[in-house]
Amino acid sequence: MKALSIISLIWYILIFLLIAVFSLDDSPDSSDSAAGMGILAVLYGLLFSIVSLIISSKRKRAPVNVHEQLLQLGELKEKNIISEYEFDQKKEKLLSRYK
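Just so it is clear, the model here is predicted, and its values are computed rather than measured.

> Please clarify how the overall build of the protein chain should be interpreted in this entry.
If you tally the helices and strands in the protein chain, you get four helices and zero strands. Across the 99 residues in the protein chain, those meeting the buried criterion constitute 16%. Counting every atom, the protein chain has about 8,300 Å² of accessible surface; 64% of that belongs to carbon and sulfur.

This is how it looks when you write it as C-alpha cells:
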C-alpha cells in the first residue's frame, strides 16, 4: 500500500505544478494544455492500475481446509438442516476451489 500512497502523492504534486504552469501561460493554445492533462491522467490511471494489480496478486489467501468443511456439511445434512441437493452444490463448490 505504500507504493500506491507514494504514486498518489507524486501525482498530486505533479498536477499542482502543471496547473500552476498552465495557468501562467497566456497563450491561446489552452486546448493543447487540456489534452496534455488528459494524457497525463490516462497514464497515471494505467500506472495506478498496474501497481494495484501487482499488490493484490501478492496478497496470499488463507488456505481452505476442505476436509473440515466437508465434514461440517455432512453433519448439517445428517441433521436435516440442509438438503441433499444443497449438500451436493456446496460440496462441488468446495472441491472446485480446492483444485
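After presenting the structure, the write-up continues.
> Explain the pattern of salt bridges to me, please; I cannot follow it from the model alone.
A side chain of one charge can pair with a side chain of the opposite charge when the charged atoms of the two come close. Under the criterion given, the structure shown has one salt bridge. Between Lys 77 and Glu 84 there is a salt bridge; the shortest N-O distance is 3.5 Å. On the basis of relative accessibility, which here comes to 25%, the residue Lys 77 falls in the partly exposed class. On the basis of relative accessibility, which here comes to 44%, the residue Glu 84 falls in the partly exposed class.

> What am I meant to see in a nonpolar patch on the surface here?
A surface patch of nonpolar side chains, about 470 Å² in accessible area, is lined by Ile 39, Leu 43, Leu 46, Ile 50 and Ile 54. Along the chain, the position of Ile 50 falls in helix α2 (residues 30–58).

What counts as what
Residue positions are given per chain, counted from 1 along the sequence in the order it is written. Where totals are concerned, whole chains, interfaces and linings use all residues; where local detail is concerned, this predicted model gives features only for residues with pLDDT of at least 70, and gives and counts side-chain atom pairs only at 80 or more. Water and hydrogen atoms were dropped before computing side-chain values, which therefore reflect all heavy atoms in the structure. Here a strand is any run of E in DSSP of at least two residues, a helix any run of H or I of at least four, and the numbering for each starts at the N terminus. When accessible area is computed with a 1.4 Å probe and restricted to protein chains, residues below 20% of their type maximum are described as buried, those above 50% as exposed, and intermediate ones as partly exposed. Computed with a 1.4 Å probe, the accessible areas rest on the Shrake-Rupley method; for each residue, only the protein chains presented here act as cover. Only one rule defines a salt bridge in this text: a Lys or Arg side-chain nitrogen within 4 Å of an Asp or Glu carboxyl oxygen. Here, patches come from residues exposed beyond 30% relative accessible area and free of salt bridges, joined within 9 Å for like charges and within 5 Å for nonpolar side chains (Val, Leu, Ile, Met, Phe, Trp, Tyr).

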